[in-house]
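# A structural walkthrough
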Amino acid sequence: MSFDPMNLVQRYPDAKSAAESCGARILALLNAAIVERGIASVAISGGASPRIMFEFFARSPFEWNKVHVFWVDERCVPRTDPQSNFKLANDAWLRPARVPADNIHRVHTELGHAIAASRYAEEIRPFLPLDVIHRGMGADGHTASLFPGDPSIHDRTGLTAVAHQSTPRITLLPAVLESATNTVILATGADKAEPLHAVLQGRYNPLKYPAQIASRDPAKATWFIDEAAAAKL
């Protein structure tokens, strides 16, 4: 089954405008949840692309005291390590914006892989379904820390798992990704052009292209891309 990418994709001339527009969409969705229920939840991703978005958050006036922040995945490194997704978000957004510590639900990697994954599942469970999940996509079509061929992609009941990469990671599973009220995917750069074409226009095969999970429903998902990533669409 194929989809018209125009129903899913917001195109921008460069990575900065794509990231800031993605951030603006997230803020609008979180605000709608706050208006409705007085509280909102979001899970964010790491990598290089979101830094611009996090800096946009930091300078945007918002009721951060009403937002609970989770992570889509996290490397099993100390929270002060340069590879830590928590560190990136904390340095660029959470600390400058003074997001309350009680609202920040990081993955406690210092507990060890299995315990951290289990604890994280229990911490996120009361907030499901999340209002917004922000995701990225790798050049191999992975999303979160669900990589091509990972058997965890078939797990439709669990909430978290350990992904055994060169650096082990803790990741949310498809049940969490698919239950989200809204999904926004930020994908920028020329290395995303081929996988983006396959993910949006190819046959649905999330074992090969995990980024297809919860990303092809125009009612729930929006892609924010730059011209480089859009080259094959």
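Residues numbered from 1 in each chain as written. Predicted model: local features only at pLDDT ≥ 70, side-chain atom pairs only at ≥ 80, totals over all residues. Heavy atoms only, no water.

### Brief notes about helix H2 (residues 50-58)
Just so we agree on the cut-off: Per-residue accessibility, obtained with a 1.4 Å probe over protein chains only, is compared with the maximum for each type, and a residue is labelled buried under 20%, exposed over 50%, and partly exposed between these values. Labels follow the DSSP assignment, with helices taken as runs of H or I lasting at least four residues and strands as runs of E lasting at least two, numbered in each case from the N terminus. Our arc is simply the arc of the directions from the helix axis toward the C-beta atoms. Residue contacts are defined here by distance: any two heavy atoms, one from each residue, within 4.5 Å place the two residues in contact.
Where H2 is concerned, the buried positions are Pro50, Met53, Phe54, Phe56 and Phe57. With its buried residues spanning 155° around the axis, H2 presents them on a single face. Looking at the buried side of H2, the elements it contacts are helix H1 (15-37), strand E2 (40-44), helix H3 (85-94), strand E5 (132-135) and strand E8 (182-187).

### Focus: the sheet that holds strand E4 (residues 73-75)
This is how the line gets drawn: Note: two strands are recorded as paired if DSSP finds a minimum of 2 bridges between them. Geometry is summarised by axes, namely lines fitted to C-alpha atoms with helices restricted to the contacting stretch, and by angles between N-to-C directions that run from 0 to 180 degrees.
The strand order E4-E7-E6 describes an open sheet built from three strands, whose pairing is antiparallel. In the strand order of this sheet, the two ends are held by E4 and strand E6 (160-163), each with one partner. Going from strand to strand, the sheet's axes swing by 20° on average, the running direction of each strand aside. Relative to strand E7 (residues 169-172), E6 runs antiparallel, the two being bridged by four bridges. Paired with Ala163 across the bridge in E7 is Arg169.

### Quick notes on the packing of aromatic side chains
Here is the rule: The pairing test for Phe, Tyr and Trp rings, Trp by its six-membered ring, is centres within 6.5 Å, and the orientation test on the planes gives stacked under 30 degrees, edge-to-face over 60, and tilted for anything in between. Working rule: Lys NZ or Arg CZ, within 6 Å of ring centre, within 35 degrees of ring normal, means a charge sits over the ring.
Taken as a whole and assessed by the stated rule, the structure comprises eleven aromatic pairs. Summarising the aromatic geometry, the rings of Phe70 and Tyr120 are spaced 6.4 Å apart at their centres and angled 55° between planes, so their arrangement reads as tilted. Of the two residues, Phe70 is situated in strand E3 (residues 67-71) and Tyr120 in helix H4 (residues 113-124); the sequence distance between them amounts to 50 residues. Summarising the burial analysis for this pair, Phe70 and Tyr120 share the class buried. Ring centres 5.6 Å apart and planes at 55° place the aromatic pair Trp71 and Phe86 in the tilted group. In this pair, Trp71 is assigned in strand E3 and Phe86 in helix H3, connecting sequence segments 15 residues apart. Each member of the pair, Trp71 together with Phe86, is buried. Among the aromatic residues, ring-to-ring pairing joins Phe54, Phe56, Phe57, Phe62, Trp64 and Trp93 into one connected group. Over the aromatic face of Phe86 sits the side chain of Arg106, whose NZ or CZ is 5.9 Å from the ring centroid.

Purely geometric stuff here, so don't read any function into it on its own.
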